[in-house]
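Commentary on secondary and tertiary structure
Single-letter residue listing:
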Amino acid sequence: MAGNAATSYLSLAMPNKVEQYAELALADMNNTNSPWGRWLVMIDVARSHVLAEDADLDAAVAIMHDALDTRRANLWLRFSAELRNLPVTLPKGGVIPRS
C-alpha cells in the first residue's frame, strides 16, 4: 500500500511525500520477496529527486541505475524460469510438471 501511495504522490508532484511512503514500502520489500515492486518504488524515488525544488540529478541517476541493474534483473528472470520448470510433488508422491 505504501508503494502505491508513493506513486500517487509522484503524480501529484509531491516529492517529499514520495520519499516518506517509499521509505515505508522499501522497509517491507527486498529483492527476494518483491523484486519488481521494489524496483518500481525505487524508480518513483528517482523521479521524485528530479521533481524536487532542489533537484538532485546525480542521486536520481544512481537510484535509477540501481533499480534497473540488468544483472540483478536477469538473475531474477533466470531464477523464476527455473522455478517454473521444477516439478510439484503431491502429498501422495505423484508429480505434476509445472506449465
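Values in this document were obtained by computation on a predicted structure and should not be read as measured data. (Residues numbered from 1 in each chain as written. Predicted model: local features only at pLDDT ≥ 70, side-chain atom pairs only at ≥ 80, totals over all residues. Heavy atoms only, no water.)

**Re helix H2 (residues 15-28)**
A rise of 1.5 Å per residue sets the reference length of H2, with its 14 residues, at 20 Å; its end C-alpha atoms lie 20 Å apart and thus fit the reference within 8%. Taken together, the buried positions of H2 are Pro15, Val18, Ala22 and Ala25. (Helix = DSSP H or I, 4+ residues; strand = E, 2+ residues; numbered from the N terminus. Expected span 1.5 Å × (residues − 1). Buried < 20%, exposed > 50% of the residue type's maximum accessible area, 1.4 Å probe, protein only.)

**What to know about unusual backbone geometry**
Here Ala13, not a glycine, exhibits a phi torsion of approximately 55°, which is positive. Residue placement: Ala13 occurs in the loop between helix H1 (2-11) and H2. Ala13 sits in the exposed class, given a relative accessible area of 51%.

**Some words on the nonpolar core**
Counting residues in each nonpolar core, the largest one holds 16 residues, and the members touching the most others are Ala22, Ala25, Val41, Met42, Val45 and Ile63. With six residues, helix H3 (residues 35-51) is the largest single contributor of residues to this core. Non-local contacts of Ile63, meaning those with residues more than four positions away in its chain, are made with Met42, Val45, Ala46 and His49. (Core = buried A, V, L, I, M, F, W, Y, C linked by side-chain atoms within 4.5 Å. Contact = heavy atoms within 4.5 Å.)

**Describing the environment of Leu51**
Here Leu51 is to be found in helix H3. By relative accessible area, which is 45% here, Leu51 ends up partly exposed. Sequence-wise, Leu51 and Pro15 are 36 residues apart; in three dimensions their C-alpha atoms are separated by 6.5 Å. In contact with Leu51, not counting residues within four places along its chain, are Leu10, Ala13 and Pro15.

**What about the packing of aromatic side chains?**
On inspection of all chains with the given rule, the structure shows one aromatic pair. Ring plane angle 20° and centroid distance 5.5 Å describe the contact between Tyr9 and Tyr21, whose orientation is recorded as stacked. Linking Tyr9 in helix H1 with Tyr21 in helix H2, this pair joins segments that are twelve residues apart in sequence. Judged by its relative accessible area of 22%, Tyr9 falls in the partly exposed class. (Phe/Tyr/Trp six-rings, centres within 6.5 Å; stacked < 30°, edge-to-face > 60°.)

**Some words on a negative patch on the surface**
A cluster of like negative charges, contributed by Glu53, Asp54, Asp56 and Asp58, occupies part of the molecular surface. Within the fold, Asp56 resides in the loop between H3 and helix H4 (57-67). Judged by relative accessible area, Asp56 falls into the partly exposed class, the value being 35%. (Patch = residues over 30% accessible without salt bridge, like charges linked within 9 Å, V, L, I, M, F, W, Y side chains within 5 Å. Areas by Shrake-Rupley, 256 points an atom, 1.4 Å probe, with all protein chains shown as cover. Salt bridge = Lys/Arg side-chain N within 4 Å of Asp/Glu carboxyl O. Lys, Arg positive; Asp, Glu negative; His and termini not counted. Charge placed at Lys NZ, Arg CZ, Asp CG, Glu CD.)

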